[in-house]
Amino acid sequence: MKQDGLVRLLESMTMDEKINQLIQLAATFYSEDSKENTGPIREVGLTEENVWNAGSILGQSGAAESIKIQRKYMEKHRLGVPVLFMADVIHGFRTIFPIPLALGCSWDLEMAEKVAEISAREASVSGVHVVFSPMADLVRDPRWGRVMESTGEDPLLNSFFATAFVKGYQGKDPGKEPERVAACVKHYAGYGAVSGGREYNTVNMSERQLRESYLSAYHAAIEAGVKVVMTSFNTVDGIPATGNAWLLRRLLREEQKFEGIIISDWGAVEELTVHAVAKDRKEAALLALKAGVDIEMMTSCYAHHLEELAAEEPSLETLLDQAVMRVLKLKNDLGLFEDPFRGADPEKEERIVLCQEHRQVAREAALKSIVLLKNDGILPVKEGVQVAVIGPGAASKDILGAWSWQGRTQEAVSMIEGAKKIDPKILTGSEPFDYIAPSAKAVSEAVQLAERSEVVILALGEPAWMSGEAASRSDIRLPESQLEFFRKVRKINKNVIVVLYNGRPLDLQGINDANGIVEAWFPGTEGGHALAEVLWGKFNPCGRLCMSFPEQAGQLPIYYNADNTGRPAGISAEPKYISKYLDVANEAKYAFGFGLSYSEFHYGQLVLDKNVLASDGRISATIEVENRSKADGLETVQLYIRDLVGEVVRPIKELKDFRRLALPAGQKCKVTFTIEESMLRYFHSDQSFTSDAGEFDVMIGPDSANLTTQRFRLIK
Ligand code: GLC
């Protein structure tokens, strides 16, 4: 429909019809077989008329059912405006890929785009129009359960991934290309910085810090053309994001030029009364509308109060019309006026959802997301060795993660199923082995298997419910029962490989002396196949951490790009008056960017073609990487920069580029990065984003803790 058609449609709408377009309700209001709720269901007090005129539905999928609901909806809608179906497709629809925190460890942006493209394809033929992804929250505290949905602690890497996901979901134009969906970047803004890692807690940070570290990935998604932005539950400088006009109108609309839809998170409009910045639901509706929220998800402040508010303050009707126009525009951009059933196709759904091609990509994504944290030579498992695969994760199909929605655990490949494909003689238990409280029988059976084996693969970690939304943990160690089990096995078998299923970096005290530690995260539908290929050396692990592992929770928040402080540890012989703990080191157990492989990569000298950089100039930084092993491998060569003196304190290092380098056994290769002035810009105290003349260190290496350094000067 042309723009003037939309304007005429808007003009023909009654106030009720306009307001209804701004309501989003869960599928449970429309479909008997939808049991899915991703937030508290309070009485929303809406009429049948509201329900069948609501502008969008959350969490509906299934081609036939979606067509049925849309048909009924269109029959009931006086003006024939179609409904939008939005859903949480976070890392796959039915074919589930590794959780985003795992995909972030692949550093493979093409893979991420492919994952999003397949997710969009399956979601679209199942009737979904908009997906609530990418989650672009920067995270530094693994006590927060939603780190599993993020791609980690670095602003640049998060920006690259957010861009890749948006491109994969939307293609060039989701309204014109088949099997694409509109994407929604979330949660705007700064949700990953909840105090204490406690879910839904307060966020406190300066505007400069927000801009410097937390906003870039959301803004990258906007530059990539994301159609929707979701507001976060948390406060931003004392005002909840959902009622924060500075954040939504000033920063998002005016500064970032975002013209798409702003949707609240579940119930966040009504929660303005609980944050106590609105005395009642009417004031909450006023605050949210003025702040810029277009769609109210799953509460009814708009439905119950916008008409009255507009009568009291006529200027509000302009804001209301603008919000409704953005909703109508997205429906129009997606072609729903021409074809309300666009995308939903039961025949295609049957044919392509969870098809072999998609499973193969899921397997590749899992292979690239697995991170080898420790290996004393026990890995890869040698041919002919008697192996036992035991522990709570061994037979588990609970490996899809907390946001796998339409994913079905029964369709997942367990570690044992994957391992048996490679070594049918592995020893496995038959007793169910609980993650938290395994039976004595299960433990005893497993210990006996360990006794009869040369190598034990111990599958430990978290059940999926221990991470994701509303799943913060104050103690991020493995459950005590697993540590006790590990000690028992270790006592009788000196060849132990621990494989971890988890949704967050853990405190690995108690299993650190395993011979090998493999971080599998929640690897998705094909997890068992991928793990077996890594463990038995059919695939050389290449994952690199996108989030630091602490020694223990007491160090949190911990992140590689920290400030120097005035008394950094190690600054001098001074042993006491320095920034440190009495009882634990400052350093991460496993640093950002870290990961081992079966190859052995060596780095040569870092050479700069010049040491002075003019504003319009370039420096080439070259380093030789050699694979001194017999195993072809893939190394992620990382480039960091440190601004030695800033107008504000600057991080001791910042990731500025990286190269995924496939290097055959025995080969060496020179890798050259280009350094430009634009890489040196940062937010000053006046919020200007510029660089300063002065000295910089450029550092290159395999991870953020092992780097070779050279110095250069920027002149302006
Ligand atoms: C949840 C989550 C959000 C999700 C939304 C819809 O509360 O915070 O990420 O997209 O509700 O399910």
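The residue numbers shown here count from 1 along each chain, following its written sequence. Side-chain atom pairs in this predicted model are given and counted only at pLDDT of 80 or more, local residue features only at pLDDT of at least 70, and totals for whole chains, interfaces and linings cover all residues. As a rule here, side-chain values cover all heavy atoms of the structure and leave hydrogens and water aside.

### Things to note about the pattern of salt bridges
Opposite charge on two side chains makes pairing possible when the charged atoms of those side chains draw close. Formally: Any carboxyl oxygen of Asp or Glu that lies within 4 Å of a side-chain nitrogen of Lys or Arg is treated as forming a salt bridge with it. Strands are runs of DSSP state E lasting at least 2 residues, helices are runs of H or I lasting at least 4, and numbering of each runs from the N terminus. For the exposure calls, accessible area comes from a 1.4 Å probe over protein chains only, and a residue counts as buried if that area is under 20% of its type's maximum, exposed if over 50%, partly exposed in between.
What the rule picks out here adds up to 58 salt bridges. With its nearest N and O atoms 2.8 Å apart, the salt bridge here joins lysine 18 to aspartate 321. In this pair, lysine 18 sits in helix α2 (residues 15-21) while aspartate 321 sits in helix α14 (residues 316-333), placing the two residues 303 residues apart along the sequence. For lysine 18, a relative accessible area of 7% gives the class buried. The shortest N-O distance in the salt bridge between glutamate 357 and arginine 121 comes to 3.9 Å. With a gap of 236 residues between them, glutamate 357 in helix α16 (residues 356-369) and arginine 121 in helix α6 (residues 109-125) connect regions that are remote in the sequence. A relative accessible area of 46% places glutamate 357 in the partly exposed class. Arginine 121 gets classed as buried once you look at its relative accessible area, which sits at 14%.

### A few points about the site of the ligand
Rules: Any residue with a non-hydrogen atom lying within 4 Å of a molecule or strand is treated as near it. Within 3.5 Å is the distance limit for a polar contact, defined as a pair of N or O atoms, with the added protein rule that one can donate a hydrogen and the other accept it, and that residues adjacent in sequence qualify only through two side-chain atoms. Using the Shrake-Rupley algorithm and a 1.4 Å probe, accessible areas are obtained, with residue cover drawn only from the displayed protein chains. Buriedness for pockets is judged along seven lines, at least five of which must meet protein on both sides within 12 Å for an open set on the 1 Å grid over protein atoms alone, while cavities are sets there where a 1.4 Å probe fits but cannot get out, and lining residues have an atom within 4 Å of a point. Any molecule with more than half of its atoms within 2 Å of a cavity's or pocket's grid points is counted as sitting in it. In the scheme used here, Gly and all other residues not listed as nonpolar or charged are polar, with Ala, Val, Leu, Ile, Met, Phe, Trp, Tyr, Cys and Pro taken as nonpolar and Asp, Glu, Lys and Arg as charged.
Not every one of the 14 residues close to the ligand is listed here, only the nearest: Thr38, Asp88, Arg146, His187 and Asp265. Measuring from an oxygen atom of the ligand, one finds a side-chain N or O atom of aspartate 265 at 2.6 Å. In the complex, the protein chains occlude 100% of the 310 Å² of accessible area that the ligand would expose alone. Judged by the proximity of its atoms to the pocket grid, the ligand belongs to the largest cavity. Tallied by class, the residues present in the shell around the ligand amount to 7 nonpolar, 2 polar and 5 charged.

### Re the nonpolar core
Convention followed: Among buried residues, those of type Ala, Val, Leu, Ile, Met, Phe, Trp, Tyr and Cys that are joined through side-chain atoms within 4.5 Å constitute a nonpolar core. For the purposes of this description, domain bounds are those given by an automatic or database domain assignment.
The biggest cluster of nonpolar side chains holds 211 residues, and the ones touching the most others in it are Tyr188, Ile390, Ile457, Leu458, Phe485 and Ile497. When residues in this core are grouped by element, the largest group, 9 residues, is from α14. Taken domain by domain, this core gets at least three of its residues from each of domain 1 (362-539) and domain 2 (601-715). Within the second largest apolar cluster, 23 residues are counted, among which are Phe601, Leu606, Leu639 and Met679.

### Topic: the side chain of aspartate 423
Let me state the cut-off plainly: Residues are treated as being in contact if the distance between any of their heavy atoms lies within 4.5 Å.
Position of aspartate 423 among the secondary structure elements: in the loop between α17 (415-422) and β13 (427-428). Given the relative accessible area of 10%, aspartate 423 is considered buried. Leaving out residues up to four positions away in the same chain, aspartate 423 has contacts with Val385 and Trp536.

### Focus on empty space enclosed by the protein
The criterion, for reference: Grid points are joined across faces, edges and corners, and a volume is the space filled by probe spheres set on the points.
Considering all chains together, one arrives at 5 cavities of 30 Å³ or more under this definition. Looking at the largest cavity, its volume works out to about 100 Å³. Thr38, Asp88, Asp265, Trp403 and Glu469 are the residues nearest the centre of the largest cavity, which is lined by 13 residues in total. By residue class, the composition of the lining of the largest cavity is 6 nonpolar, 2 polar and 5 charged. The volume enclosed by the second largest cavity comes to roughly 80 Å³. Pro134, Met135, Glu149, Thr151 and Phe165 are the residues nearest the centre of the second largest cavity, which is lined by 14 residues in total. In terms of residue count, the dominant contributor to the lining of the second largest cavity is helix α7 (residues 155-170) (5 residues). In terms of residue class, the lining of the second largest cavity is built from 10 nonpolar, 3 polar and 1 charged.

### Digging into the sheet that holds strand β16 (residues 516-519)
Just so we agree on the cut-off: When DSSP locates at least two bridges between a pair of strands, those strands are taken to pair. Geometry is summarised by axes, namely lines fitted to C-alpha atoms with helices restricted to the contacting stretch, and by angles between N-to-C directions that run from 0 to 180 degrees.
The mixed open sheet is built from 6 strands, whose spatial order is β11-β16-β15-β14-β12-β13. Taken across any chain shown, the strands that pair with only one partner, and hence form the sheet edges, are β11 (371-375) and β13. In this structure, strand β12 (residues 387-390) lies alongside strand β14 (residues 455-461), joined through 4 bridges in parallel fashion. Each residue of the ladder has a partner; that of valine 387, found in β14, is valine 455. The strands touched by helix α19 (residues 480-492) within the sheet are β12, β14 and β15 (496-501), with β14 carrying the most contacts at an inclination of about 175 degrees. In this fold helix α20 (residues 527-535) packs onto β14, β15 and β16, with an angle of close to 150 degrees to the strand it touches most, β15.

### Details of the UniProt feature "domain: Fibronectin type III-like" (unreviewed entry) in the protein chain
Defined as follows: UniProt positions are given in the numbering used here, feature names are shortened, and annotations may be inferred rather than shown by experiment.
Under the UniProt annotation, "domain: Fibronectin type III-like" (unreviewed entry) lies at residues 635-704. The span residues 635-704 is 0% helix and 60% strand, and its two end C-alpha atoms sit 14 Å from each other.

### Points about the environment of serine 444
Locating serine 444 in the fold gives a position in helix α18 (residues 440-451). For serine 444, a relative accessible area of 35% translates into the label partly exposed. Spatially, the C-alpha atom of serine 444 lies 9.9 Å from that of glycine 429, the residues being 15 residues apart in sequence.

### Points about α14
Inclusion rule: For a helix, the expected span equals 1.5 Å multiplied by the number of residues minus one.
With 18 residues, α14 extends 26 Å from end C-alpha to end C-alpha; this agrees with the ideal 26 Å at 1.5 Å per step. Residues Leu316, Leu319, Leu320, Ala323, Val324, Met325, Arg326, Val327, Leu328, Leu330, Lys331 and Asn332 constitute the buried set of α14. Of the residues flanking the end of α14, it is glycine 335, one or two places downstream, whose phi is positive at about 80 degrees.

### Considering the packing of aromatic side chains
Under the convention used in this document: Aromatic pairs are defined between Phe, Tyr and Trp rings, using the six-membered ring for Trp, whenever the two ring centres lie within 6.5 Å; interplanar angles under 30 degrees are classed as stacked, those over 60 as edge-to-face, and all others as tilted. Ring-over charges, as used throughout, are those where CZ of Arg or NZ of Lys falls within 6 Å of the ring centre and within 35 degrees of the ring normal.
Here the structure, examined in full by the defined rule, presents 18 aromatic pairs. A centroid spacing of 6.1 Å and a plane angle of 80 degrees characterise the contact between phenylalanine 549 and tyrosine 590, whose relative ring orientation is edge-to-face. Separated by 41 residues along the polypeptide, phenylalanine 549 in the loop between α20 and β17 (601-608) and tyrosine 590 in the loop between α20 and β17 bring together distant segments of the chain. By relative accessible area, which is 8% here, tyrosine 590 ends up buried. Through successive ring pairs, a cluster of aromatic residues spans Trp107, Phe160, Tyr560, Phe592, Tyr640 and Phe658. For the cation-ring pair, arginine 71 lies above phenylalanine 341, with the distance from its terminal atom to the ring centre recorded as 5.1 Å. Seen from the ring of tryptophan 403, lysine 186 lies directly overhead, with NZ or CZ sitting 5.3 Å from the centre.

### Observations regarding the domain arrangement of the protein chain
Per the domain assignment, the segments of the protein chain are domain 1 (362-539) and domain 2 (601-715). The straight-line distance from the C-alpha centre of domain 1 to that of domain 2 is 36 Å.

### Quick notes on α6
With 17 residues, α6 should cover 24 Å at 1.5 Å per step; its first-to-last C-alpha distance of 25 Å lies within 8% of that length. With 12 of 17 residues buried, α6 is to be regarded as a mostly interior element. Among the residues of α6, those classed as buried are Met111, Ala112, Val115, Ala116, Ile118, Ser119, Ala120, Arg121, Glu122, Ala123, Ser124 and Val125. Where α6 is buried, its residues contact α4 (63-76), α5 (100-103), α7, α15 (346-352) and α16. With a side-chain oxygen lying 3.2 Å from the backbone nitrogen of glutamate 110, the N-terminal cap of α6 falls on aspartate 108. Taken from the residues just after α6, glycine 127 is the one with a positive phi, measuring 100 degrees.

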